[in-house]
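Chain and residue survey
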Amino acid sequence: MPVKKQHRTRTLSLSLQLTKENLNLPAEEEENKDRMDMGSITIPDPLPSPTQDSEKLRKAFQGLGTDEQAIIDILGHRNANQRMRISQAYQQLYNQSLIDSLHSELSGDFGKAVIMWATDPPERDAKLAKEALRRKGLKHLSVIIEIACASSPHHLIAVRQAYCFHYNCSLEEDITLHVAQPLRKVLVAMVSSYRYEREEVDETLAKSEAVTLHDSIEKKKLDHEHVIWILSTRNKFQLKATFNCYRQCYGKAIDQDIKDRSRSDYASLLRTVICCIDSPEKHFAEVVKASVQGLGTDEDSLTRAIVTRAEIDLVKVKEEYKKLYKTSLTDDVVGDTSGDYKNFLVTLIGDGEQHGRRGWFEYFS
């Protein structure tokens, strides 16, 4: 067991090194504050120290039974940077990984959700990508598109580095090994991308590339290299301008045009790419709805959507959900879940009030 704990401690410090030092994130990352501050979690002010939080968590683990509510009250109100510092303090105080303790004390969907939340975001997404490749079906491959297209370029690099460290191969290699063409071409292109993140838009280029995309869609040549190149290399602001030009010129949204002309898995994956770039809040609203409608609940998808977006744009996801389905995301989650799992998700969904600093931009600070 000591070896296991030592390995997890090493991965924790490595993740910090990858995301903060090796990436040399520029000061301009501050421009993403507004977007990232659309996260839904609330953080107390004043904020307890990592040592105080660690001591309270240790107390929650000890004695007869586990104090699940204490765990929710602490971890559910801390951003990624704060959770990282709690993990470090916990390791120093008790010579044990916080993740190990959570594994020992929690179980079921609640345990999975808390552990996913407590895991460093690049490591978490690397694990999600690995699990997606182990499973079969388009639904699981869409998880990789989410990671590649609905997060920042810096985060994607950190995920790829974490993937190499944990699995001794690159994410691109694993995709090539597990996914057949033509889906492989899309996935490899998207995870290999490093998009320019400033708001730079060339309207002339947007019109030209809208024409290029329309020609390929009309001729049902969705796997044409120009389509993949445009979607995998242009910055998101440029692509949004292109999608807008497409709508204006052809009277239909590009994703809808693709859907009308092809129902193949390849076309569906391209539509996921477009939606994650153009409107990630809509994509994740649809993921949440699909996970709670019908008989039973898709807890894995529900947990992933709430946990991965809670520090990014869950406020916008909730707004989009209300617009699309005329009902509250929170109400639907509450109606389809129960117990500590429900309480934890509702904590992450938040109530919209401001309590100190929110969001995970501090993660890169």
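Before reading on, note that the structure itself is shown above.
A quick note: this is a predicted structure, and the numbers were derived from the prediction, not measured. (Residues numbered from 1 in each chain as written. Predicted model: local features only at pLDDT ≥ 70, side-chain atom pairs only at ≥ 80, totals over all residues. Heavy atoms only, no water.)

**Quick word on empty space enclosed by the protein**
Under the counting rule described, the total for this entry stands at 2 cavities of 30 Å³ or more. For the largest cavity, the lining is made up of 18 residues, of which R124, D125, T308, R309 and I312 are closest to its centre. Taken together, the elements giving at least two residues each to the lining of the largest cavity come down to α8 (121–134), α9 (138–149) and α19 (299–309). Looking at side-chain class alone, the lining of the largest cavity contains 9 nonpolar, 3 polar and 6 charged residues. (1 Å grid on protein atoms, 1.4 Å probe; cavity = no way out; pocket = protein on both sides within 12 Å on 5 of 7 lines; lining within 4 Å. Points joined across faces, edges and corners; volume = space filled by probe spheres on them. Helix = DSSP H or I, 4+ residues; strand = E, 2+ residues; numbered from the N terminus. Nonpolar A, V, L, I, M, F, W, Y, C, P; charged D, E, K, R; others polar.)

**Some thoughts on the side chain of S151**
Mapped onto the elements, S151 comes out in the loop between α9 and α10 (153–167). Residues within four places of S151 in sequence aside, it is in contact with E146 and K236. (Contact = heavy atoms within 4.5 Å.)

**Observations concerning the state of the cysteines**
All told, the structure shown has 0 disulfides when counted by the stated rule. Free of any disulfide, C164 has its nearest neighbouring cysteine sulfur in C169, separated by 7.2 Å. Left without a disulfide partner, C245 is nearest to the cysteine sulfur of C249, which lies 5.9 Å away. (Disulfide = S-S within 2.5 Å.)

**Comments concerning the nonpolar core**
Within the largest apolar cluster, 94 residues are counted, with the highest numbers of intra-cluster contacts made by I71, L102, I145, V186, L231 and I306. Looking at this core, the element that brings in the most residues is helix α17 (residues 265–278), giving 8 residues. Ignoring sequence-local partners within four residues, the contact set of I145 consists of A150, V186, L187, M190, L269, T272, V273 and C276. (Core = buried A, V, L, I, M, F, W, Y, C linked by side-chain atoms within 4.5 Å. Buried < 20%, exposed > 50% of the residue type's maximum accessible area, 1.4 Å probe, protein only.)

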